[in-house]
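Residues per chain are reported as follows:
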Amino acid sequence: SQGCFEQANKYTIFAGKDGVMTPIMIAEEDSDDCTRCFCKPTHSLLLRFTAVSPTGQKMFPVMTMEREGCTQCLGCEGKLCLGCFACSDQCQDGMK
């Protein structure tokens, strides 16, 4: 984003053999602008993984991963913010 603004990330996951790589999933970040900007790089987020066809077309949802954040401090719009100091074990970064 060149530092002008933060935007949600999108990742393409590939699998392959003998140098031939085929897209198998897309992971898309679901987070709000405020937490991406002020709580980076460890902001609260939800990643949605979707299976894709060999041509890259979305097919069906596969799984989600959530990074909830610290329960001791609140970030923007009541969302949990991981940008705070680790005041307890609950404040440590992690995915589930």
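Quick caveat: nothing in here was measured; it's all calculated off a predicted structure.

Asker: Outline the overall build of the chain, supporting the account with residue identities and numerical values.
Answerer: Along the chain, the regular secondary structure elements total one helix and four strands. The linear arrangement of helices and strands in the chain, starting from the amino end, is β-β-α-β-β. Expressed as a percentage of the 96 residues in the chain, the buried residues total 28%. Accessible area of the chain: about 6,500 Å², with a carbon and sulfur share of 55%.

Asker: Which residues make up the pairing of strand β1 (residues 10–17), and what values go with them?
Answerer: Both β1 and strand β2 (residues 20–30) contribute to a ladder of eight bridges, which runs antiparallel. Its bridge partner lying in β2, G16 is registered against M21. Hairpin connection of β1 to β2: two residues between the antiparallel strands, including D18 at a positive phi of 55°.

Asker: Summarise the environment of A15; cite the residues concerned and give the values.
Answerer: Take A15: it is sitting in strand β1. Sequence-wise, A15 and M25 are 10 residues apart; in three dimensions their C-alpha atoms are separated by 9.2 Å. If we ignore the near neighbours within four places in the chain, the residues touching A15 are V20, M21, T22 and I24.

Asker: Any chance you could break down the side chain of T50 for me, citing the residues and the numbers?
Answerer: Structurally, T50 can be placed in strand β3 (residues 45–52). The class for T50 is buried, based on a relative accessible area of 14%. The contact partners of T50, leaving out residues within four places of it in the chain, are I24, M25, I26, K58, M59, F60, P61 and V62.

Asker: Can you lay out the environment of Q7 for me, pointing to particular residues and giving the numbers?
Answerer: Mapped onto the elements, Q7 comes out in the segment before β1. Exposure remark for Q7: the relative accessible area of 43% places this residue in the partly exposed category.

Asker: If you had to explain a nonpolar patch on the surface to someone new, which residues and values would you point to?
Answerer: Taken together, the side chains of M59, F60, V62 and M63 define a hydrophobic patch exposed on the protein surface, amounting to about 390 Å² of accessible area. Tracing the sequence through the fold places V62 in strand β4 (residues 58–67). You can call V62 partly exposed: its relative accessible area is 43%.

Cut-offs applied
Residues numbered from 1 in each chain as written. Predicted model: local features only at pLDDT ≥ 70, side-chain atom pairs only at ≥ 80, totals over all residues. Heavy atoms only, no water. Helix = DSSP H or I, 4+ residues; strand = E, 2+ residues; numbered from the N terminus. Buried < 20%, exposed > 50% of the residue type's maximum accessible area, 1.4 Å probe, protein only. Areas by Shrake-Rupley, 256 points an atom, 1.4 Å probe, with all protein chains shown as cover. Pairing = 2+ DSSP bridges. Contact = heavy atoms within 4.5 Å. Patch = residues over 30% accessible without salt bridge, like charges linked within 9 Å, V, L, I, M, F, W, Y side chains within 5 Å. Salt bridge = Lys/Arg side-chain N within 4 Å of Asp/Glu carboxyl O.

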